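Secondary and tertiary structure notes
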Amino acid sequence: NITSLTIQSTLHTPGTLSVTTSEIGKLDGLETFVADLFNGIFVDGIVAELPPTLITLNIGYTNITGTTLELPLGLTTCSIRDASIITGTAADLPNVTISLNIQGGNTISGNVADLPSSTVDCVITGSNTLFGDTADLPKPSNLLVISGDNTITGDVGNLSKALQVE
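Reference entry: report on the structure contained in this document. Just so you know, these numbers come straight off a predicted model, no measurement behind them. (Residues numbered from 1 in each chain as written. Predicted model: local features only at pLDDT ≥ 70, side-chain atom pairs only at ≥ 80, totals over all residues. Heavy atoms only, no water.)

Secondary structure summary: the protein contains 1 helix and 11 strands in total. Taken from N to C terminus, the helices and strands of the protein fall in the order β-β-α-β-β-β-β-β-β-β-β-β. In the protein, which comprises 166 residues, the share counted as buried stands at 40%. Intrachain contacts of the protein at a sequence separation of at least 6 include 24% that bridge at least 24 residues. Carbon and sulfur atoms provide 54% of the accessible area of the protein, an area that totals close to 7,600 Å². (Helix = DSSP H or I, 4+ residues; strand = E, 2+ residues; numbered from the N terminus. Buried < 20%, exposed > 50% of the residue type's maximum accessible area, 1.4 Å probe, protein only. Contact = heavy atoms within 4.5 Å. Areas by Shrake-Rupley, 256 points an atom, 1.4 Å probe, with all protein chains shown as cover.)

Next comes the structure, spelled out in structure tokens:
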């Protein structure tokens, strides 16, 4: 079984090589999948087709759709960027322990208290509607970026001293 797959291109031109989630989903036991924008790799498909065994997912030039509930539960690093459209609630995100980076036309809603509590780096951009108190944000956090139509209130003293807010 293949457990790690990194797809690279030396052309560095977006769209040089294309791969679908249904093709990646055929790799039983795949734990790591990396196909970054800077390598010209385009990933298209739906979240539910990704292998459930994924621990690390890093894709940068995408047209991925799906829900937070369909993300593989064992992810420790999840980075889906570009034209992705991930919908759902914060409570349905996998308990990502290292890095959660979901950027694109996403609509993630819910209480910030439901974000994975052990996430160190958290970037969620899109048309999100998160709410809650700063005391309920994941700790210990190094990076926190949440954009959208959010209502997060509270004392900034509740934030980690090491937190970089963008």
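Next comes the rest of the account.
A few words now on the nonpolar core. Counting 33 residues, the largest nonpolar core has Phe33, Val43, Leu57, Ile59, Leu71, Ile80 and Leu100 as the members making the most contacts within it. Within the residue set of this core, elements represented by two or more residues are strand S3 (32–35), strand S4 (41–46), strand S5 (56–67), strand S6 (77–89), strand S7 (99–111), strand S8 (121–133) and strand S9 (143–148). Among residues more than four places away in sequence, those in contact with Val43 are Val19, Thr21, Phe33, Ala35, Ile59, Tyr61, Thr62, Asn63 and Ile64. (Core = buried A, V, L, I, M, F, W, Y, C linked by side-chain atoms within 4.5 Å.)

The tally for this structure, following the rule as stated, stands at 1 aromatic pair. Summarising the aromatic geometry, the rings of Phe42 and Tyr61 are spaced 4.8 Å apart at their centres and angled 65° between planes, so their arrangement reads as edge-to-face. Here Phe42, found in strand S4, pairs with Tyr61, found in strand S5; they are 19 residues apart in sequence, far enough to count as distant. In this structure Tyr61 comes out as partly exposed when scored by relative accessible area, which is 22%. (Phe/Tyr/Trp six-rings, centres within 6.5 Å; stacked < 30°, edge-to-face > 60°.)

Residue placement: Thr119 occurs in the loop between S7 and S8. Thr119 sits in the buried class, given a relative accessible area of 1%. Each C-alpha atom of the pair Thr119 and Thr97 lies 4.7 Å from the other, and the pair is 22 residues apart in sequence. Among the polar contacts listed, one links the side chain of Thr119 to the backbone oxygen of Val96, at a separation of 2.8 Å. Here the side chain of Thr119 touches Pro116 through a polar contact of 3.3 Å, landing on its backbone oxygen. (Polar contact = N/O pair within 3.5 Å; in protein donor to acceptor, adjacent residues only side chain to side chain.)

Any link to function would need more than the numbers given here.
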